[in-house]
Amino acid sequence: MKIRFIRFAIRLTLGISLIFIINACSPDFSIQSVSNFKAIDFSSIKSPNTLVIFDVDETLIQPVDTYLINEHKAEGINFREKMVADHPEVKDWDKILSIILEEAKRPLIEPDIVSEIKKLQERNVPVIACTSMNTGKAALYERLEIWRYDHLKSLGFEGSFTSKDFTLQGFKSQPVFYKGVLSTDLEEKGPVIGAFLDKISFKPEKIVMIDDSGAFIRFVKEECFKRGINFEGYIYQGAKEKKWDEKLIEFQLQHLLTHYHWLNDDEAKQLMQEAPKSESRIAG
Ligand SMILES: [Mg+2]
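Position numbers for residues count from 1 along each chain, tracking the sequence in the order it is written. Given that the model is predicted, a residue must reach a pLDDT of at least 70 before its local features are reported, and side-chain atom pairs must reach 80 or more before they are shown or counted; all residues, however, enter totals for whole chains, interfaces and linings.

Trainee: Where do I start with the pairing of strand 8 (residues 230-236) in this structure?
Mentor: Sheet faces and side chains relate simply in a regular strand, where the side chains alternate between the two faces. In terms of burial, strand 8 is a largely internal element, 5 of the 7 residues being buried. One bridge is not enough; two strands pair if DSSP finds at least two bridges between them. Elements are defined by DSSP. Helices are runs of H or I of four residues or more, strands are runs of E of two residues or more, and each kind is numbered from the N terminus. Summarising the sheet, strand 1 (residues 31-34) and strand 8 pair through 4 bridges and their orientation is parallel. Counted as the bridge partner of Val34 is Tyr236 from strand 8. The path from the first strand over the helix to the second decides the hand: if it runs clockwise while the strands point away from the viewer, the crossover is right-handed. Each parallel crossover has a hand, and the one from strand 7 (residues 206-211) via helix 8 (residues 214-227) to strand 8 is right-handed. In this scheme every C-beta is placed from the backbone, and a residue whose C-beta has 20 or more other C-beta atoms within 10 Å is buried, one with 12 or fewer is exposed, and one in between is partly exposed.

Trainee: What is the right way to look at the nonpolar core in this model?
Mentor: A general feature of soluble globular proteins is that nonpolar side chains tend to end up buried together. Definition of nonpolar core: a set of buried Ala, Val, Leu, Ile, Met, Phe, Trp, Tyr and Cys residues joined via C-beta atoms within 7 Å. Among the nonpolar cores identified, the biggest contains 39 residues, and Ile53, Ala129 and Ile207 are the most heavily contacted of them. This entry defines residue contacts through backbone-placed C-beta atoms, with two residues in contact when those atoms are within 7 Å. Not counting chain neighbours up to four residues away, the residues in contact with Ala129 comprise Phe54, Val56, Leu60, Leu152, Phe157, Gly159, Gly180, Val181 and Leu182. Tyr67, Leu256, Trp262 and Leu263 belong to the second largest nonpolar core, which has 10 residues in total.

Trainee: Teacher, can you tell me more about the environment of Pro63 here?
Mentor: Mapped onto the secondary structure, Pro63 falls in the loop between strand 2 (50-54) and helix 2 (66-69). Overall, the presence of 22 C-beta atoms within 10 Å leaves Pro63 in the buried class. Along the chain, Pro63 and Ile109 lie 46 residues apart, while their C-alpha atoms are 9.1 Å from each other. If we skip the residues at most four places from it in the chain, Pro63 touches Leu68, Ile69, Ala104, Lys105 and Arg106.

Trainee: How should the pairing of strand 2 be read in this particular structure?
Mentor: Summarising burial for strand 2: 5 of the 5 residues are buried, a large majority. By the alternation rule, side chains of strand 2 split into Thr50, Val52 and Phe54 and Leu51 and Ile53, which are all buried. As paired elements, strand 2 and strand 7 share 5 bridges and run parallel to each other. Across the sheet, the residue bridging to Ile53 is Met209, located in strand 7. Summarising the sheet, strand 2 and strand 3 (residues 127-131) pair through 3 bridges and their orientation is parallel. In the strand pairing of strand 3, Phe54 is matched with Ala129.

Trainee: Would you explain the sheet that holds strand 6 (residues 181-183) in this entry?
Mentor: As a general point, the strands of a sheet are linked pairwise by backbone hydrogen bonds and lie either parallel or antiparallel. Taking strand neighbours across the sheet as the criterion, the 8 strands line up as 1-8-7-2-3-6-5-4 in an open arrangement whose pairing is mixed. Of all the strands in the sheet, just strand 1 and strand 4 (165-167) have a single pairing partner and so form its edges. Looking at each pair of strands side by side, their axes are set apart by 20 degrees on average, direction ignored. The sheet contact formed by strand 5 (residues 176-178) and strand 6 spans 3 bridges and is antiparallel. Fitted lines through C-alpha atoms serve as axes, helices being fitted only where they are in contact, and the angles separating the N-to-C directions of these axes extend from 0 to 180 degrees.

Trainee: Would you mind showing me how to read the packing of helix 9 (residues 246-259) against helix 10 (residues 265-274) here?
Mentor: The interhelical angle for the contact between helix 9 and helix 10, taken along N-to-C directions, is 95 degrees, at an axis separation of 10 Å. What the angle tells us is that helix 9 and helix 10 run roughly perpendicular. Judged by residue contacts, Leu248, Phe251, Gln252 and His255 of helix 9 engage Asp265, Ala268, Lys269 and Met272 from helix 10. Under the scheme applied here, ten amino acids are nonpolar (Ala, Val, Leu, Ile, Met, Phe, Trp, Tyr, Cys and Pro), four are charged (Asp, Glu, Lys and Arg), and all others, including Gly, are polar. Residues that form the contact of helix 9 with helix 10 fall into these classes: 4 nonpolar, 2 polar and 2 charged. Throughout this description, any angle smaller than 35 degrees is read as roughly parallel, any larger than 145 degrees as roughly antiparallel, any in the 65 to 115 degree range as roughly perpendicular, and the remainder as oblique.

Trainee: Please clarify how unusual backbone geometry should be interpreted in this entry.
Mentor: The phi torsion of most residues other than glycine is negative, and most of the peptide bonds are trans. Of note in this structure, Leu186 is not a glycine but carries a positive phi near 70 degrees. By the element assignment, Leu186 lies in the loop between strand 6 and helix 7 (189-199). Given 14 C-beta atoms within a 10 Å radius, Leu186 is considered partly exposed. Its identity as a non-glycine residue notwithstanding, Ser201 has a phi of 50 degrees, on the positive side. Structurally, Ser201 is set in the loop between helix 7 and strand 7. With 6 C-beta atoms counted inside 10 Å, the residue Ser201 sits in the exposed group.

Trainee: Help me understand helix 8, please; the structure alone is not making it clear to me.
Mentor: Think of an α-helix as turning once every 3.6 residues; residues three or four places apart then point the same way. Under the convention used throughout, the expected extent of a helix is 1.5 Å for every residue step, that is, one less than its residue count. For helix 8, which comprises 14 residues, the first-to-last C-alpha distance of 20 Å matches the rise-based estimate of 20 Å (1.5 Å per residue) to within 8%. Listed in full, the buried residues belonging to helix 8 are Phe216, Ile217, Val220, Lys221, Glu223 and Cys224. Buried residues along helix 8 cover an arc of 160 degrees about the axis, so they all sit on one side. Along helix 8, exposed side chains directed more than 90 degrees from the buried face belong to Ala215 and Lys226. Residues of helix 8 that are buried sit in contact with strand 1, helix 7, strand 7 and strand 8. A positive phi of about 70 degrees marks Gly228, the residue just after helix 8. Directions drawn from the helix axis to the C-beta atoms are what define this arc.

Now the structure itself:
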């Protein structure tokens, strides 16, 4: 009797372990990687109870210049710290950062997505952008979220719920929804999207999310699971990479500090070729 019980316990343990192993190894069909928006069948999304969420940076838009593409990577952060340390005479970094925000180009990665989004909205499918960007005062802007909204609008993107402008409570920082753009202020997207849905009293049947961060997509999927919302996620891989170029970036930043104008990569390369000596004398 005792031996039979031990055999049963062993078989049960092996069975449970097998289920765990199969689950861990099985692909997650609700999340897939796409290299462009054409790989997503937007025309099949027809229900007003489906919310479509686009990430902004490296999904809808991307800067064109090497420094900005790498701005949040270790090289960009280290470089910025070094610049600040090397230039104690610069008292107003806000002004410098504002010039970059104003002048550096951040175009749509795939311009056709604007008409795809409009078609969704014509079918009464709500669409919003969700970015983990900071909110509130930044550089010379009183509200960074308005800068983001204005920039996206200038490119043809307008989200749904455009009459709404509110902050979300219950977070360490200050997530804001401003006219179709949800900025999480570096909070995790899952809980912020949950709080946004509560605030507007909307319980979608399904969320479709497109984001270049697989981690963000998984966090939002978890939030949807908790709320009984179906989820479909696409890890967008259409953004370009540019290799860090210390000489080029140093030239651009030196030029910015001297002339209060941001040179894009092409302009900077041309100037570096034309007058490397005179420019370094100005900068130095
Ligand atoms: Mg992104």
